[in-house]
Amino acid sequence: MDSFDAGAGGILRQPKAVWATAGASVVAFMGIGLVDPILPSIAQGLNATPGQVSLLFTSYFLITAVAMLLTGFVSSRIGGRRTLLAGLAFVIVFAALAGTSDTVGQLVGFRAGWGLGNALFVSTALAVIVGAAAGGSAAAILLYESALGLGMACGPLLGAVLGNISWRYPFFGTATLMAVGFLCITAFLKEQPRPARKTSVLDPLKALGHGGLASAAVSAFFYNYTFFTVLAFTPFVLNMTPYRSGAVFFAWGVLLAVFSVIVAPRLQARFGSLKVLGGSLVLLAADVLVLGYGDHTTAVVCTILSGAFIGVNNTVYTELALGVSDAPRPVASAGYNFVRWFAAAAAPYFAPRIEEWTDIHVPFVVAAVTAVLGALVVVVRRRALTHEAERLEPAHATEDGVTVFAN
């Protein structure tokens, strides 16, 4: 089905609680790409190497990965509203502290605390939006994915505008916007019903015992290494001013949003989820390889174009992860994200070091190989994934689903 048709009647007629949560979600996703255009400025301001600065992503996503095991445990005990507010409070405090950093080590540490807050917030936001939304789950899912795309597009833009004044300002700006979101959720969101069964910390790991879910998670692990090589390493390769870099990643984020919400569902309806995913991964591998070996203009074009393939992949992976097993969807999502976020932590750490050991082209060769490996997992494990892929409705999830970044 067409995702816009599904939500056209109800997406704009939502309670204030939904708009408050969706607005805070936009800012939460902005925080992921916020530092992209200012990475070189941070390195210069703190006398740090690209490898040291890239740890801003590594610490953030490493903590996010581990926190995936805790989010369901926490929200099933204190409720969705309190979990959202706790996550926002962490982000506000640690984003503000990040802006006061005097060393790269302090900044990396504060980003880790920020990652914990973001995990608590983002992992709960979709379930809260669906629970409070009018017009059914289709409108809620569309609103959430639109918030994701808007946040991913606007994060680099905000980072560029504020970062052009000082690399510290984007962190203070995020803390301020999150504080506004905290107040809005406090005022407009009532507590949501808690699940009948409390989630154990080990439940997501047990869910990975399902072959289909484990296959989706492993394939997504390889894909996310490619994704975050582009996001975290490319700014150093482009070596542009914050404004120019922000514009590049804004265009990248726009393509990501459009292809995730509009194009991916139509491709799935026509060709099937697994064919779309495999083809998109191969095209992403080719794009990244050209990015690594092309001239500066080619690298800019390929960086922007990668947003299209990433948008398609995010949508298909999420649907597979949420539906391929019999585990409750919040539990399946937590297990899936626990695996794949480790790649998001690994890529920013290894890409600069691979460059130091070899040359600037090889990190992109590695990223292209991991994208192909992700496609090979899909092909080899297609029987474990095919049944669910065929029955899934594109760009759709169920009411108890929990989607985390690009999901």
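Below or above, wherever it landed, is the structure these notes cover. Computed from a prediction, not measured in an experiment: that's the story for all the values here.

Another point: the side chain of Ser245. When you line up the elements, Ser245 lands in helix H12 (residues 242–271). Its relative accessible area of 3% is what places Ser245 among the buried residues. When near neighbours in sequence (up to four residues on either side) are disregarded, Ser245 contacts Asp36, Pro37 and Met240.

The next thing to look at is the nonpolar core. Among the nonpolar cores identified, the biggest contains 113 residues, and Ile42, Phe61, Phe121, Phe171, Ile185 and Trp252 are the most heavily contacted of them. For this core, the leading source of residues is helix H11 (residues 211–238), giving 14 residues. Setting aside chain neighbours within four positions, we find Trp252 in contact with Met152, Phe227, Val230, Leu231, Thr303, Ile304, Ser306, Gly307 and Ile310.

Next up on the list: the packing of aromatic side chains. With the rule as written, the count across this model stands at 18 aromatic pairs. On the numbers, 5.5 Å between centres and 50° between planes, the contact of Phe233 with Phe364 is tilted. With Phe233 in helix H11 and Phe364 in helix H16 (residues 362–380), the pair connects residues that are 131 residues apart, well separated along the chain. Each member of the pair, Phe233 as well as Phe364, is classed as buried. A ring pair is formed by Phe338 and Phe342, whose centres lie 5.1 Å apart and whose planes are at 85°; its orientation type is edge-to-face. Taken together, the residues span about one helical turn, with Phe338 and Phe342 both in helix H15 (residues 329–357) at a distance of four residues. On the basis of relative accessibility, which here comes to 28%, the residue Phe342 falls in the partly exposed class. In this structure, Arg340 packs its charged tip against the face of Trp341, placed 4.6 Å from the ring centre.

Parameters and conventions
- Residues numbered from 1 in each chain as written.
- Predicted model: local features only at pLDDT ≥ 70, side-chain atom pairs only at ≥ 80, totals over all residues.
- Heavy atoms only, no water.
- Helix = DSSP H or I, 4+ residues; strand = E, 2+ residues; numbered from the N terminus.
- Buried < 20%, exposed > 50% of the residue type's maximum accessible area, 1.4 Å probe, protein only.
- Contact = heavy atoms within 4.5 Å.
- Core = buried A, V, L, I, M, F, W, Y, C linked by side-chain atoms within 4.5 Å.
- Phe/Tyr/Trp six-rings, centres within 6.5 Å; stacked < 30°, edge-to-face > 60°.
- Lys NZ or Arg CZ within 6 Å of the ring centre and 35° of its normal.

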